[in-house]
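One letter stands for each residue in the lines below.
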Amino acid sequence: MLRRPDDADFATQRHEAHCRALERAFQSALATADIRGTEVEALALDTTGSTVVPVDEHLQPLDDYYLWCDHRAWREAAEITSRARESNLTALDWSGGTYSSEWGFAKVLHWLRSHPHQRAQFHAAIEHCDLMVATLCGINDPSQVSRSICAMGHKWMWNRELGGLPSDEFLILIDPLLAGLRDRLQGKYLTSNQIAGGLSEEWAHRLGLKAGIPVPVGALDAHWDALGAGCRLGDVVNVIGTSTCIMALSDVARLIPGVSGVVPGSIHPGKVGIEAGLSAVGDLFDAIARRAGGTVAALAERIQNYRAGQTGLMRFAWDNGDRCVLVNPQLRGITLGWRLNHTAEDELFAAIEGTAFHTRIILERLQEFAVPIERVINAGGIPQRNATLNRVYAGVLGKPILVPAADTTSLGAAIFAFLAAGAFKSVEEAQDALSPGYRVIEPAPGDVRIYEDLFARFRELYFKFATDEVEESA
């Protein structure tokens, strides 16, 4: 990832670097598994999103990826939201009611405005997951691209019931630079149980696999990670990494204000997928440790015996903006209660509590709109390494926290590869065979009592700070 110390909104990655890393990853994976590449029967891949790549008419990248955590397009996102509300654009309602700077159209418009000298070469834009599937399958004709319903539904306002993407007339209303883009975002819009193509000769050689093996339509990593963690109806999966993606399934599509989309077929091909989340979690913990000249692991070891609320600090994890439910990238982190003797360990513990409080805000919003929450699963890399986080989340949410017994990162991709190879008949059958089970962290009654009081204060301030910020900027 390429970052700039003078611009916290900047986050990119180079296509060539990603492809080289993919080759190295395959060499390592085959060696670790002690198998020959010719034994692999299918390949599935997911990526972060919305990670947007401007491409020419042959699907060749014109620039570095705009990574999911690149927030430079916050002005463009605000313009899209304003125009959509003025136009009563129904598609915006299905995207939570506010367009995000993390999403596709905002990033495309920012790139077009920032790169006038390359506009003549620009044909369209593509999500990273769709670009990599096309690349591996040797597809360079935009009309033959399989576009992920997962990515396009949650990040580009694509909605089958509303006729697909927003109209060209609406996009021109935002900025004439977007004229014709809707038609150029062509291809086949599919769920991930569909095959996008076969592995090309070139990439079979580069990865050490067989040419022609099936490659299903890609998706966003957290959505597949939720399935790898065993997500079923009634479950909420917190995929906790650099940010948090909160995933849930439903049999019914309902509008939910402030979430990152309600999209049939996005997580599970046969269910309605619901996404929400926090913009900074692991990134926030890393920043605290970096400023203290240490590591998260070292700080985490020293807070294992911290008690609920003992620091006297209340931390709002807006250091990279608010993804849900306020959807405001311009909010900034706030810590209340500082004293001269507070330490970096205290701030880390308060940040863990703050992300748990924020997660509860989101879960309450889901429940308000009839999303059942019977189990809470903490997936992703951080819950595997940070017992304190799981204990705090159990206390704040007042529910047992299920943590997969082993790391399930990318297990969802394996599920779709197995489905493409015909090894299983359904997602559920694959989950039963592959998901590792859970260890359960029960909430401590004393923690629940303390956090009930603190959460009531957090919730009031969460919405009050946001309202004041909006009024001051108006």
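Further up the page is the structure itself.
For clarity, every value in this text was computed on a predicted model and none was experimentally measured.

Looking now at the overall build of the protein. Within the protein, the regular secondary structure consists of 18 helices and 20 strands. Projecting the C-alpha coordinates of the protein onto the three principal axes gives extents of approximately 60 × 55 × 45 Å. Within the protein, contacts between residues at least 6 apart in sequence are counted, and of these 74% link residues at least 24 apart. For the protein, the computed accessible surface area is about 19,100 Å², with 50% contributed by carbon and sulfur atoms.

Moving on, we come to the pairing of strand S4 (residues 52-55). Where burial is concerned, the two faces of S4 agree: the one with Val52 and Pro54 and the one with Val53 and Val55 are both buried. Of the strand pairs in this sheet, S4 and strand S6 (residues 124-127) are connected by four bridges, and their pairing is antiparallel. Counted as the bridge partner of Val52 is Glu127 from S6.

Membership of the largest hydrophobic core comes to 58 residues, with the highest contact counts inside it found for Phe285, Ile352, Leu363, Leu366, Ile401 and Tyr451. Aside from chain neighbours lying at most four places away, what touches Leu366 is Val236, Ile256, Val259, Ile274, Val371 and Ile373. Ala73, Leu92, Ala106 and Leu165 belong to the second-largest nonpolar core, a separate cluster that totals 35 residues.

Below, the discussion takes up helix H16 (residues 411-421). Residues of H16 that are buried include every one of Leu411, Gly412, Ala413, Ile415, Phe416 and Ala417, and no others. In this structure, the buried residues of H16 make contact with strand S3 (46-47), strand S10 (214-216), helix H10 (221-228) and helix H17 (427-434). Where H16 terminates, the next one or two residues include Gly422, which has phi positive at roughly 80 degrees.

What follows covers the sheet that holds strand S20 (residues 438-441). If you trace the seven strands from one edge of the open sheet to the other, you get S14-S15-S13-S12-S18-S19-S20, paired in mixed fashion. Of all the strands in the sheet, just strand S14 (262-264) and S20 have a single pairing partner and so form its edges. For this sheet, the mean inter-axis angle between neighbouring strands, taken without regard to orientation, is 25 degrees. Packed onto the sheet, helix H13 (residues 344-368) meets strand S12 (235-240), strand S13 (244-250), strand S15 (272-278) and strand S18 (375-379) and runs at close to 150 degrees relative to S15. Its contacts with the sheet put helix H15 (residues 387-397) on S12, S18, strand S19 (401-404) and S20, and the angle it makes with S19 is roughly 150 degrees.

The geometry of helix H2 (residues 74-86) relative to helix H4 (residues 104-114) is characterised by a closest axis approach of 8 Å and an angle of 120 degrees between their N-to-C directions. In terms of orientation, H2 lies oblique with respect to H4. By crossing handedness, the relation of H2 to H4 is classed as right-handed. Residues Glu76, Ala77, Glu79 and Ile80 of H2 pack against Phe105, Ala106, Leu109, His110 and Arg113 of H4.

Take a probe with the size of a water molecule and roll it over the atoms, and the empty space left behind shows itself. Within this structure, the stated rule accounts for three cavities of 30 Å³ or more. What lines the largest cavity is simply His71, Ser100, Ser101, Glu102, Ser279, Asn320, Asp322, Arg323, Val327, Asn328 and Pro329. Residues of the lining of the largest cavity, tallied by class, amount to two nonpolar, six polar and three charged.

Of note, Ser243 is situated in the loop between S12 and S13. Those residues in contact with Ser243 that sit more than four places away from it in its chain are Trp68, Leu278, Ser279, Ala280, Val281 and Arg323.

Turning to the side chain of Ser192, a few remarks are in order. Looking at the secondary structure, you find Ser192 in the loop between strand S8 (188-190) and strand S9 (195-198). There is a polar contact of 3.1 Å between the side chain of Ser192 and the backbone oxygen of Gly218. Setting aside residues no more than four positions away along its own chain, Ser192 makes contact with Pro216, Val217, Gly218, Ala219, Trp224 and Phe416.

We now examine the pattern of salt bridges. In this structure the tally under the stated criterion is 23 salt bridges. Here Glu452 makes a salt bridge to Arg360, at a shortest N to O gap of 2.9 Å. A residue pair is termed long-range when its members are at least 10 positions apart, and Glu452 in helix H18 (residues 445-473) and Arg360 in helix H13 qualify at 92 residues. Residue classification places Glu452 among the partly exposed residues on the basis of a relative accessible area of 39%.

Here we come to the environment of His268. Tracing the chain through its elements places His268 in the loop between S14 and S15. Of the residues examined, His268 reaches a relative accessible area of 10% and is grouped as buried. A sequence separation of 37 residues divides His268 from Cys231, and the C-alpha atoms of the two residues are 9.2 Å apart. Not counting the four nearest positions on each side in its chain, His268 is found in contact with Leu227, Leu249, Val427 and Glu428. At 2.7 Å, the side chain of His268 and the side chain of Glu428 are in polar contact.

Bringing helix H5 (residues 128-137) into the picture now. The buried fraction of H5 amounts to nine of the 10 residues, a majority that puts the element mostly inside the structure. For H5, the set of buried residues is His128, Cys129, Asp130, Leu131, Met132, Val133, Ala134, Leu136 and Cys137.

It is at 13 Å that the axes of helix H1 (residues 15-33) and H5 come closest, and there the two elements cross at 65 degrees. Pair H1 / H5 crosses with right-handed handedness. Of the residues in H5, those in contact with His15, His18, Cys19 and Leu22 of H1 are His128, Leu131, Met132, Thr135 and Leu136.

Thresholds applied
- Residues numbered from 1 in each chain as written.
- Predicted model: local features only at pLDDT ≥ 70, side-chain atom pairs only at ≥ 80, totals over all residues.
- Heavy atoms only, no water.
- Helix = DSSP H or I, 4+ residues; strand = E, 2+ residues; numbered from the N terminus.
- Contact = heavy atoms within 4.5 Å.
- Areas by Shrake-Rupley, 256 points an atom, 1.4 Å probe, with all protein chains shown as cover.
- Buried < 20%, exposed > 50% of the residue type's maximum accessible area, 1.4 Å probe, protein only.
- Pairing = 2+ DSSP bridges.
- Core = buried A, V, L, I, M, F, W, Y, C linked by side-chain atoms within 4.5 Å.
- Axes fitted to C-alpha atoms, helices over the stretch in contact; angles between N-to-C directions.
- Parallel < 35°, antiparallel > 145°, perpendicular 65-115°, else oblique.
- Left-handed = near helix turned anticlockwise from the far one by under 90°.
- 1 Å grid on protein atoms, 1.4 Å probe; cavity = no way out; pocket = protein on both sides within 12 Å on 5 of 7 lines; lining within 4 Å.
- Points joined across faces, edges and corners; volume = space filled by probe spheres on them.
- Nonpolar A, V, L, I, M, F, W, Y, C, P; charged D, E, K, R; others polar.
- Polar contact = N/O pair within 3.5 Å; in protein donor to acceptor, adjacent residues only side chain to side chain.
- Salt bridge = Lys/Arg side-chain N within 4 Å of Asp/Glu carboxyl O.

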